[in-house]
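# Summary of structural features
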Amino acid sequence: MVGINSATQMTSWLAGGRDLFVVLHVLGLLCFTYIVTKRLVPLARGERDLRFDHPWLRLGRVGKYWLGQWKHPRYRTAGILHIFIFAGFLVLAIRAFSVLIVGVSQDFVMPGLAGRAGPIYDIVTDYAATIVFFCMVIAVVRRLIFKPARYAVPARYGKAHTADAIFLLSLIAILMVADSLFAAAKAAGQLQAGLSGEALAVFSLPWMLQKALVSTSLVTLGRLYFGAYLLHELAFYFLLCYRPFGIQFHVETSFFNIYFAKLDREILKPVRCGVPDEHLDQAKSFGVKTFEDFTWKHMLDFYSCADCGRCSDNCPADAVGRPLSPRFLTIKARDYAFQHYPMVGKPKNGTPLVGGEDSGGIYSEDEIWSCTTCGACEAECPLLVEYVDKIVDLRRGLVDDGNVPQSLQKPLKALKSRGNPYGKMEKKKADWANAEGFQQICPVKTVGKSNGADILYFVDSITSYDDRMQSIGRATAKILNHVGENFGILGAAERDSGHEVRRFGEETLFMALRDHNVEAIKTSGVARIVTADPHAYNALKHDYKDVPPVEHISQVIAREVKAGKITFNPVENINNVYTYHDPCYLGRHNGIYDDPRNVLDAIPGLERVEMTRSGDRSFCCGGGGLMLFYEPKEEQRMGVRRVQMAADAGANVIVTACPFCMVNIEDAIKGAGLEGKMTAIDLAELVDQQIARGPQSRVDRATETEEVVIASSSSGRPD
Ligand code: SF4
Ligand code: SF4
């Protein structure tokens with residue numbers, strides 16, 4: 001039974017308070033409804049986003065990421081604390097509801113809890129309230145004393161959020177104490193009235209409070225009971241109505257944010273959801289320029305951020321001092337929404353988001369161009385907040401207004417005119433394959449209508465034109481040749497995949513490059529595509545439509561190693577220690593983590609170590625594609641930070657599987673002063689070097705004499 005209706009003094013308090021509680025409930029609920037309705041106004045004005053498909057799949061993700069708190073343990077202490085708090089809240093939700101009703105209907109018992117389940121549930125809630133209370137105490141102590149660095153607010157982003165966090169944590173703690181005191185006073189009152197007291201969970205907060213109240217007079221207990229109830233009501237409604245004004249709003253929105261989270265994170269958001277490419281010319285503008293250009297789901301992201309700092313803690317741009325912190329991209333947008341959509345008065349919408357403060361902007365251009373689209377922030381966020389799409393949308397808005405950084409104008413012009421960012425001639429595209437003597441050891445044909453092949457090796461710009469990266473092209477061709485594939489290249493007919501062009505917001509140019517390549521691929525009649533460039537891989541797999549299936553060369557090698565078609569000679573220098581650097585567009589964006597590692601582990605004598613940040617926590621090398629042409633403001637190069645991580649792991653050879661990573665890492669080895677102590681090699685190059693070929697094979701003989709440019713002079717980083 002809920003309430004202490006047998007202890008008459010106390011019931012009279014409650015009975016007397018019924019009118020008060022009715023008023024409190026009505027006011028509290030009206031207030032909450034009004035506030036949430038106001039918060040939904042910008043969402044109603046936001047851009048369209050199609051997130052209503054696959055309800056079961058979405059519910060499954062809610063089960064995993066919301067109910068199962070899947071990502072929280074990635075930060076052990078904070079994660080475990082959060083899991084306890086969340087579980088406590090879930091348990092206490094029913095209790096809070098029934099306690100609220102008791103104020104107006106004293107004999108109310110939650111359906112299903114009338115029989116034996118009631119006391120069991122009460123015991124569970126006693127412990128839940130206790131756990132939540134102590135978690136709040138620990139959280140306050142962490143915030144005040146241990147101060148994890150990721151909660152800090154750099155001066156350029158405003159004031160620290162500590163006071164707000166402490167205030168909210170304290171409010172929750174007060175709610176738990178009020179709830180426990182309510183139960184304790186009731187149980188103590190029953191005992192004092194000579195009734196068998198309600199069983200409280202041993203060592204729980206209510207149990208401890210009851211022990212403390214054991215000699216308190218019945219009158220005082222009645223007052224405590226009423227006072228605790230009133231405090232509980234006030235704290236409950238205050239919290240309910242205060243949460244939508246800050247980070248605690250995620251308590252209400254997180255369920256929906258996870259339900260509506262993007263299912264295909266690797267596919268970039270289209271310019272306008274639901275508008276096909278051919279109708280894009282009718283769009284009045286591209287990208288996000290004002291707050292209302294964000295989709296409603298992206299606005300929901302802003303409300304759902306818990307300010308935990310995990311995204312920025314993993315953001316390589318933030319780590320090297322670029323003017324970008326994903327956490328503050330969100331918080332600034334949320335503050336903007338709160339200010340421009342006030343609780344009272346008309347919305348003040350329509351101001352540009354990017355630009356100086358004079359124009360009402362909240363983001364700087366540098367901030368928006370500083371992102372490498374590595375996806376580390378998204379991989380980390382427990383609430384599945386999306387960043388890459390938003391940043392690309394903001395870039396689309398800048399590009400649409402002609403605000404392209406100076407350093408990017410030349411490569412973009414070259415891409416328009418020549419189909420590659422270097423402005424090189426199309427006819428030179430296959431020079432890497434026509435290097436002296438190479439065609440004799442590894443024939444590479446140019447596929448076309450009259451020259452068919454099963455596999456297209458899509459080379460992309462950097463491997464085609466950069467002297468150093470051409471070595472990756474030759475190694476890839478030799479591997480395909482070794483396993484007996486009938487492959488060819490598009491040669492002059494291949495244009496840049498457009499992967500980075502798209503991520504830099506130049507959608508129209510991307511579409512032109514894509515359409516050209518799709519036409520050339522279709523004409524070639526190939527059944528499969530292989531590439532050694534994760535950016536090309538990602539573009540062909542996710543940005544292109546109607547092209548044959550695509551694989552990264554690491555997948556092909558791993559399969560052939562497993563099938564026994566590729567075997568390796570032992571490494572010559574057994575003192576070398578290798579580490580694998582996951583390229584963002586192979587790992588995080590496409591989940592290919594194991595194949596490259598399995599290949600390395602199949603090489604006899606190769607010692608491999610993992611860097612602390614590996615797998616889906618890999619640290620971006622600095623970005624590929626047009627990022628090579630952009631000189632951001634930063635304190636340190638990302639690549640240098642990455643090379644130091646490899647050195648810290650005890651490695652002296654960094655293996656990667658991406659030509660852009662190779663450019664950045666080789667530059668960084670020099671930048672870190674580790675020349676001669678550290679080297680970098682592409683997986684394809686290493687495999688080609690270690691492959692066990694028959695003693696008389698053509699390739700084997702030729703490899704001895706071939707001048708493959710491994711440590712070439714020319715870096716892919718443009719002059
Ligand atoms: S995508 Fe990478 S660089 Fe961009 S904000 Fe996220 S973590 Fe930072
Ligand atoms: S976006 Fe996600 S990871 Fe970043 S602070 Fe917010 S909740 Fe935390």
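Now for a description of the structure that goes with this document. Keep in mind that what you see is a predicted model, and the values were worked out from it rather than measured.

This paragraph deals with the site of ligand 2. Neighbouring ligand 2 are 13 residues, the closest being Cys305, Cys308, Cys311, Cys381 and Tyr387. For the shell around ligand 2, the class distribution of residues is 9 nonpolar, 1 polar and 3 charged.

On the surface, Phe134, Val137, Val141, Leu144, Ile145, Phe146 and Met208 cluster together to form a nonpolar patch covering roughly 650 Å² of accessible area. With 6 residues, helix α4 (residues 117–146) is the largest single contributor of residues to the nonpolar patch. Summarising the element assignment, leucine 144 is placed in helix α4. Residue leucine 144 is classed as partly exposed on the basis of its relative accessible area, which comes to 46%.

Once that is clear, we can look at the pairing of strand β6 (residues 577–580). Neither face of β6 is open: one carries Val577 and Thr579, the other Tyr578 and Tyr580, and all of them are buried. Pairing of β6 with strand β7 (residues 607–609) involves 3 bridges; the strand directions are parallel. In the sheet register, tyrosine 578 faces β7, and the bridge partner there is arginine 608. Following the backbone out of β6, through helix α24 (residues 594–601) and into the adjacent parallel β7, one traces a crossover that is right-handed. Here β6 runs beside strand β8 (residues 653–656); their pairing, made up of 3 bridges, is parallel.

Moving on, we get to helix α26 (residues 659–671). Helix length check: α26 (13 residues) gives 18 Å between terminal C-alpha atoms against 18 Å at 1.5 Å per residue, within 8%. Counting buried residues along α26, 10 of its 13 residues qualify, which places the element largely inside the surrounding structure. Those residues of α26 lying buried are Pro659, Phe660, Cys661, Met662, Val663, Asn664, Ile665, Asp667, Ala668 and Ile669. Residue glycine 673 follows α26 closely and has a positive phi angle near 70°.

The next subject is the sheet that holds β6. Taken together, the 4 strands give an open sheet; going across it, the order is β7-β6-β8-β9, and neighbouring strands pair in parallel fashion. Whereas interior strands pair on both sides, the edge strands pair on one side only; in this sheet they are β7 and β9 (679–682). The sheet shows a mean angle of 35° between the axes of neighbouring strands, taken without regard to direction. Those strands touched by α26 are β8 and β9, and its axis lies near 170° from that of β9. Strands in contact with helix α27 (residues 683–690) are β6, β8 and β9; relative to β9, the strand with the most contacts, it is inclined by about 85°.

Inspection of the entire model under this criterion finds 29 aromatic pairs. Summarising the aromatic geometry, the rings of phenylalanine 21 and tyrosine 229 are spaced 4.5 Å apart at their centres and angled 75° between planes, so their arrangement reads as edge-to-face. Here phenylalanine 21, found in helix α1 (residues 8–45), pairs with tyrosine 229, found in helix α7 (residues 218–242); they are 208 residues apart in sequence, far enough to count as distant. Comparing phenylalanine 21 with tyrosine 229 shows no difference in burial state: the two are buried. Three or more aromatic residues link up through ring pairs in this structure, and these residues are Phe21, Phe182, Tyr225, Phe226 and Tyr229. It is lysine 64 that lies over the ring of tryptophan 70; its NZ or CZ is 4.7 Å from the centre. Against the face of tyrosine 387 rests lysine 390, its NZ or CZ located 5.1 Å from the ring centre.

It is worth spelling out the side chain of arginine 334 at this point. Among the secondary structure elements, arginine 334 is positioned in helix α12 (residues 326–340). At 4.6 Å, aspartate 335 is the nearest oppositely charged side chain to arginine 334, a buried residue that forms no salt bridge. Setting aside residues up to four positions removed in sequence, arginine 334 forms contacts with Gly246, Ile247, Phe302, Tyr303 and Cys305.

Our next topic: the sheet that holds strand β4 (residues 528–531). One open sheet holds the 5 strands; their spatial order is β1-β3-β2-β4-β5, and the pairing between them is parallel. Only two strands of the sheet have a single neighbouring strand rather than two, namely β1 (445–446) and β5 (550–552). Examined bridge by bridge, strand β2 (residues 455–458) and β4 share 4 bridges and lie parallel to one another. The residue bridging phenylalanine 458 from the neighbouring strand is threonine 531, located in β4. Packed onto the sheet, helix α22 (residues 534–543) meets β2, β4 and β5 and runs at close to 160° relative to β5.

Here the focus is α24. Residues Pro596, Arg597, Val599 and Leu600 constitute the buried set of α24. All buried residues of α24 fall inside an arc of 155° around its axis, so they share one side. Along its buried surface, α24 packs onto α23 (553–563), β6, β7, β8 and α27.

The biggest cluster of nonpolar side chains holds 152 residues, and the ones touching the most others in it are Phe291, Leu353, Tyr363, Leu408, Trp432, Val444 and Val655. In this structure, phenylalanine 291 is in contact with Pro42, Met299, Phe302, Ala333, Tyr336, Ala337, Tyr341, Thr351 and Leu353, ignoring residues within four places of it in sequence. Core analysis: the next-biggest nonpolar cluster, separate from the first, contains 46 residues, Leu24, Val132, Phe182 and Leu218 among them.

Across 4 bridges, β8 lies against β9 in parallel orientation. Along β9, the bridge assignment pairs valine 653 with threonine 679. Note on the crossover from β8 through α26 to β9: the handedness is right-handed.

All told, the structure shown has 45 salt bridges when counted by the stated rule. Between arginine 58 and aspartate 53 there is a salt bridge, and its shortest N-O distance comes to 2.7 Å. Here aspartate 53 falls in the partly exposed class, since its relative accessible area comes to 34%. A salt bridge links glutamate 551 to arginine 528; the shortest N-O distance between them is 3.4 Å. Placement of glutamate 551 in strand β5 and of arginine 528 in strand β4 is noted, with a sequence separation of 23 residues between them.

Calculation rules
Residues numbered from 1 in each chain as written. Chains lettered and ligands numbered in written order. Predicted model: local features only at pLDDT ≥ 70, side-chain atom pairs only at ≥ 80, totals over all residues. Heavy atoms only, no water. Near = heavy atom within 4 Å. Nonpolar A, V, L, I, M, F, W, Y, C, P; charged D, E, K, R; others polar. Patch = residues over 30% accessible without salt bridge, like charges linked within 9 Å, V, L, I, M, F, W, Y side chains within 5 Å. Areas by Shrake-Rupley, 256 points an atom, 1.4 Å probe, with all protein chains shown as cover. Salt bridge = Lys/Arg side-chain N within 4 Å of Asp/Glu carboxyl O. Helix = DSSP H or I, 4+ residues; strand = E, 2+ residues; numbered from the N terminus. Buried < 20%, exposed > 50% of the residue type's maximum accessible area, 1.4 Å probe, protein only. Pairing = 2+ DSSP bridges. Right-handed = clockwise from strand over helix to strand, strands pointing away. Expected span 1.5 Å × (residues − 1). Axes fitted to C-alpha atoms, helices over the stretch in contact; angles between N-to-C directions. Contact = heavy atoms within 4.5 Å. Phe/Tyr/Trp six-rings, centres within 6.5 Å; stacked < 30°, edge-to-face > 60°. Lys NZ or Arg CZ within 6 Å of the ring centre and 35° of its normal. Lys, Arg positive; Asp, Glu negative; His and termini not counted. Arc of directions from axis to C-beta. Core = buried A, V, L, I, M, F, W, Y, C linked by side-chain atoms within 4.5 Å.

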